[in-house]
Amino acid sequence: MARSFRWYDKKRGHRRTGSTTLGRAGELAFFAFLCLLGGVGMVVVFKLLIVPQWRVNREFREHTCIVLDTHVREKEQDEGTVYRPEIKIEYRIQTAENQDDNYVAWTYNIATALDSDAQNAYSFLPGKEEAAAIADRFHKQQQYPCWYDPADPKIVVLERGYAWWLWLVFLVPASFLLIGGGGLVYAVLHWGKSAEHSAAIAQRARHRDLFGGNGRGERMFPHIPDGADITSSPGTRLQFRLPIGTSPGWALFGTMLACTVWNGIVVVFAAVAVSGHLDGRPDWFLTMFLIPFLAVGVFLLVLFVRQILIATGIGPTLVEISDHPLLPGGQYRLFLSQSGRLKMSSLAVGLICEESATYRQGTDARTETRSVFRQELFRREGFEIRHGVPFETECAFAVPDPVMHSFRANHNEIRWKVVVEGAAAGWPEFRRTFSVIIRPAEESPPHE
Amino acid sequence: MSEPAVTIRFDGNGRTYRPGETLAGEYRFESLPAAEVKAVEVSVLWFTEGKGDEDMAVHAFWRLNAEDGTTLDPSQPQHFNTVLPNSPLSYEGLIVKLRWCVRVRAFLHRNKELFGQKTFRLGDVPAVKALP
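Conventions used here
- Residues numbered from 1 in each chain as written.
- Chains lettered and ligands numbered in written order.
- Predicted model: local features only at pLDDT ≥ 70, side-chain atom pairs only at ≥ 80, totals over all residues.
- Heavy atoms only, no water.
- Contact = heavy atoms within 4.5 Å.
- Buried area = accessible area lost by both parts, 1.4 Å probe.
- Polar contact = N/O pair within 3.5 Å; in protein donor to acceptor, adjacent residues only side chain to side chain.
- Helix = DSSP H or I, 4+ residues; strand = E, 2+ residues; numbered from the N terminus.
- Nonpolar A, V, L, I, M, F, W, Y, C, P; charged D, E, K, R; others polar.
- Phe/Tyr/Trp six-rings, centres within 6.5 Å; stacked < 30°, edge-to-face > 60°.
- Buried < 20%, exposed > 50% of the residue type's maximum accessible area, 1.4 Å probe, protein only.
- Lys NZ or Arg CZ within 6 Å of the ring centre and 35° of its normal.
- pLDDT = per-residue confidence, 0-100.
- Expected span 1.5 Å × (residues − 1).
- Bend = angle between axes of the 7 residues up to and from the residue.
- Salt bridge = Lys/Arg side-chain N within 4 Å of Asp/Glu carboxyl O.
- Patch = residues over 30% accessible without salt bridge, like charges linked within 9 Å, V, L, I, M, F, W, Y side chains within 5 Å.
- Areas by Shrake-Rupley, 256 points an atom, 1.4 Å probe, with all protein chains shown as cover.
- Pairing = 2+ DSSP bridges.

1. Re the interface of chain A and chain B
Phase 1: Facing 49 residues of chain A, the contacting portion of chain B comprises 51 residues.
Phase 2: Around 4100 Å² of area is buried between chain A and chain B when both sides are counted, 57% of it from carbon and sulfur atoms.
Phase 3: Counting across the chain A and chain B interface gives 20 residue pairs in polar contact (both at pLDDT 80 or more).
Phase 4: Residue assignment for the side of chain A that touches chain B shows that the elements contributing at least two residues are helix H5 (195-208), strand S11 (342-361), strand S12 (364-385) and strand S15 (412-424) of chain A.
Phase 5: Looking at the side of chain A that touches chain B residue by residue, the classes come out as 21 nonpolar, 15 polar and 13 charged.

2. Section: the packing of aromatic side chains
Phase 1: In this structure the tally under the stated criterion is 18 aromatic pairs over all chains.
Phase 2: Residues A:Tyr91 and A:Tyr103 carry aromatic rings whose centres are separated by 5.4 Å and whose planes lie at 20° to one another, so their mutual orientation is stacked. Highlighted residues: A:Tyr91 in strand S4 (residues 80-94) and A:Tyr103 in strand S5 (residues 100-107), separated in sequence by 12 residues. Comparing A:Tyr91 with A:Tyr103, the two get one shared label, buried.
Phase 3: Centre to centre, the rings of A:Trp262 and A:Phe293 are 5.8 Å apart; their planes meet at 20°, and the pair counts as stacked. Linking A:Trp262 in helix H7 (residues 248-278) with A:Phe293 in helix H8 (residues 284-313), this pair joins segments that are 31 residues apart in sequence.
Phase 4: Accessibility expressed as a relative area gives 29% for A:Trp262, which makes it partly exposed.
Phase 5: Here the aromatic cluster, defined as three or more aromatic residues joined through ring pairs, consists of A:Trp262, A:Phe285, A:Phe289 and A:Phe293.
Phase 6: Sitting over the ring of B:Phe107, B:Arg63 keeps its end group 5.2 Å from the ring centre.
Phase 7: Stacked on the ring of B:Phe10, the Lys or Arg B:Lys118 has its end atom at 5.4 Å from the ring centre.

3. A few points about the environment of A:Gln119
Phase 1: When you line up the elements, A:Gln119 lands in the loop between helix H2 (110-113) and helix H3 (128-136).
Phase 2: With 44 residues separating them in the primary sequence, A:Gln119 and A:Lys75 have C-alpha atoms 8.9 Å apart.

4. Comments concerning the confidence of the model for chain A
Parts of the model with low pLDDT should not have their predicted coordinates read in detail.
Residues and elements named next belong to chain A.
Phase 1: In this model, chain A carries an average pLDDT of 86, and 91% of its residues clear a pLDDT of 70 or more.
Phase 2: Here residues 10-16 scores under 50 on pLDDT; set against residues more than four positions off or in separate chains, the count is 14 contacts.
Phase 3: Considering only residues more than four positions removed or in separate chains, one finds that residues 210-214, a stretch of pLDDT under 50, has four contacts.

5. Re H8(A)
Residue and element names in this part refer to chain A.
Phase 1: Taking 1.5 Å of rise per residue, the 30 residues of H8 would be expected to cover 44 Å, and the 42 Å separating its terminal C-alpha atoms lies within 8% of that figure.
Phase 2: At Ile-291, H8 shows its strongest bend, of approximately 35°, with the proline Pro-292 following within four residues.
Phase 3: The complete set of buried residues in H8 reads Leu-286, Thr-287, Leu-290, Gly-297, Leu-300, Phe-304, Gln-307, Ile-310 and Gly-313.
Phase 4: Its side-chain oxygen at 3.3 Å from the backbone nitrogen of Phe-285, Asp-283 defines the N-terminal cap of H8.

6. Observations concerning the pattern of salt bridges
All names here are of chain A.
Phase 1: Summed over the entire model, instances satisfying the criterion amount to 35 salt bridges over all chains.
Phase 2: With its nearest N and O atoms 2.8 Å apart, the salt bridge here joins Arg-237 to Glu-392. Of this pair, Arg-237 sits in the loop between helix H6 (216-220) and strand S8 (240-241) while Glu-392 is found in strand S13 (residues 391-398), placing the two residues 155 residues apart along the sequence.
Phase 3: With relative accessibility at 40%, the residue Glu-392 sits in the partly exposed group.
Phase 4: Measuring nitrogen to oxygen at the nearest pair gives 3.1 Å for the salt bridge that ties Arg-379 to Glu-376.
Phase 5: When its relative accessible area of 41% is taken as the criterion, Arg-379 is described as partly exposed.
Phase 6: Shared partners join several salt bridges into a network, and the residues in it are Arg-73, Arg-84, Glu-86 and Asp-115.

7. Focus: unusual backbone geometry
Phase 1: Residue A:Pro325 follows A:His324 across a cis peptide bond; omega there is 0°.
Phase 2: The step from B:Ser87 to B:Pro88 runs through a cis peptide bond, and the omega angle for that step is -5°.
Phase 3: Here B:Pro88 lies in the loop between strand S6 (78-83) and strand S7 (91-92).
Phase 4: Of note, B:Ser31 is a non-glycine position whose phi angle comes to about 55°, a positive value.
Phase 5: Among the secondary structure elements, B:Ser31 is positioned in the loop between strand S3 (22-30) and strand S4 (37-50).
Phase 6: Its relative accessible area of 29% is what places B:Ser31 among the partly exposed residues.

8. Details of a nonpolar patch on the surface
All names here are of chain A.
Phase 1: A grouping of Trp-250, Phe-253, Met-256, Leu-257, Val-261, Ile-265, Val-268 and Phe-269 is seen on the molecular surface, where their side chains present a nonpolar patch of about 810 Å² in accessible area.
Phase 2: In this fold, Phe-269 is placed in helix H7.
Phase 3: Take Phe-269: its relative accessible area is 44%, and that puts it in the partly exposed class.

9. Concerning the sheet that holds strand S9 (residues 314-321) of chain A
The pairing of strands in a sheet comes from backbone hydrogen bonds and takes either a parallel or an antiparallel form.
Residue and element names in this part refer to chain A.
Phase 1: The antiparallel open sheet is built from four strands, whose spatial order is S8-S9-S10-S13. For this open sheet the edge positions go to S8 and S13, each flanked by a neighbour on one side alone.
Phase 2: Across six bridges, S9 lies against strand S10 (residues 331-340) in antiparallel orientation. Bridge pairing in S10 links Thr-317 to Gln-338.

In structure tokens:
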């Protein structure tokens, strides 16, 4: 059925998607605004800050002056008091008619000279000592070099040079201009194009990008990870050693960081609450408010201790595989090595498949993961691993056929993993994962 | 007068294809005057459904513009064909579903659009059942 402009597109599940046209118009307006803001900002920064400095260094004429007075001006701001040195000077300039014009001005640098009313904060310094030190360099009734504006001799300075921080100020409008400009080009390129047309353009650009995607592998098997990181490490027993999903060291570091930061903050508030109780002025609101935060802190501490035990007590787990990537129906061998000094209740290896979906909920991006396939490859119960003598085993397994291959897109993913799960007496249960890639059994040559 | 519509038909009435196989078919517009059509886009694409935000990628794309001098006669069936890729295969998961389709979009005057799509299966991956 033919349709014209809609405020809303079709409803997807429980979510209603917005109008594409309206969305793109909003996008265009947003980036145009950013671009305009950046452009105006650049002009303002350039005209107000850069050009005056450049003129002082290039166009102002050198002259001499007599210092009449010095002082440090103070200015009250919301952030506190700021200061600037001001030097009162007298200088004579001969006019074209051979007359001497006498000028008296309070000045120091170009920011001060152009801001005689002391309105702009950028002509001030944060420290009084710094401003006073500058003012002290000038002595009354002594002669100093100065530079005046030939176009307006009333504008005079005692200090030349470029302030480095001015170039940093440029970064603010420049970033607005860059983001706005880039977004504007993107929005204009996609304006009036259907979602399929935009996707086709993006895909062509990706294929042209020799460094993007997975090169030939990506074209042979679009949206299947090429698994180059998996085959980069040769095994000692079988062809490839699989990289571990999250190493125990990183997991330990992560939990340590979370535990330290969380408990560090909670302890400060807890100290305030406890000291209130000790002083006989208990703050019950703060005390009650802190209880759930303390509970989370204790939980993180337990998690941290558990990770220490796993990382230090349970030795490394190595998994090697006879071939990679895997194919549905393919027969493979798997080698497992588990080190440590453990009385194992059970040690199991499984092949699992997980679906992962990322979706936006308000401003948050949430990811939900669901296991959809599990096949036990190996299990052994009630045995001991001795120190220096790792437990080693090899097993054969077949990938089921037909089965969904690995898949990765921006928001949706299908992941295959070899999972090693162990339970040892006196230790927390551990689970280590090793990613593998499954490709479709059938393949045809890549085409453009 | 009946509403304009798009009809898409696959050759051999095939609904399931294998990677590397040629997908061929035709589309036709009904009750659509030729003067109304500014452009027609035909895409062979996959998209996801389920819990996550939608992903979509176009495998083959054709655009016919009346402005370029291309004669767009909506009453005549138009053919398309493409060799299907190795992946991704159609998938009916628990929270991720992947569907292939041929989508035809006609851009009409007065900013109107006519849209039609027909799904097909690439590969024979069975639907997933929840683990016990």
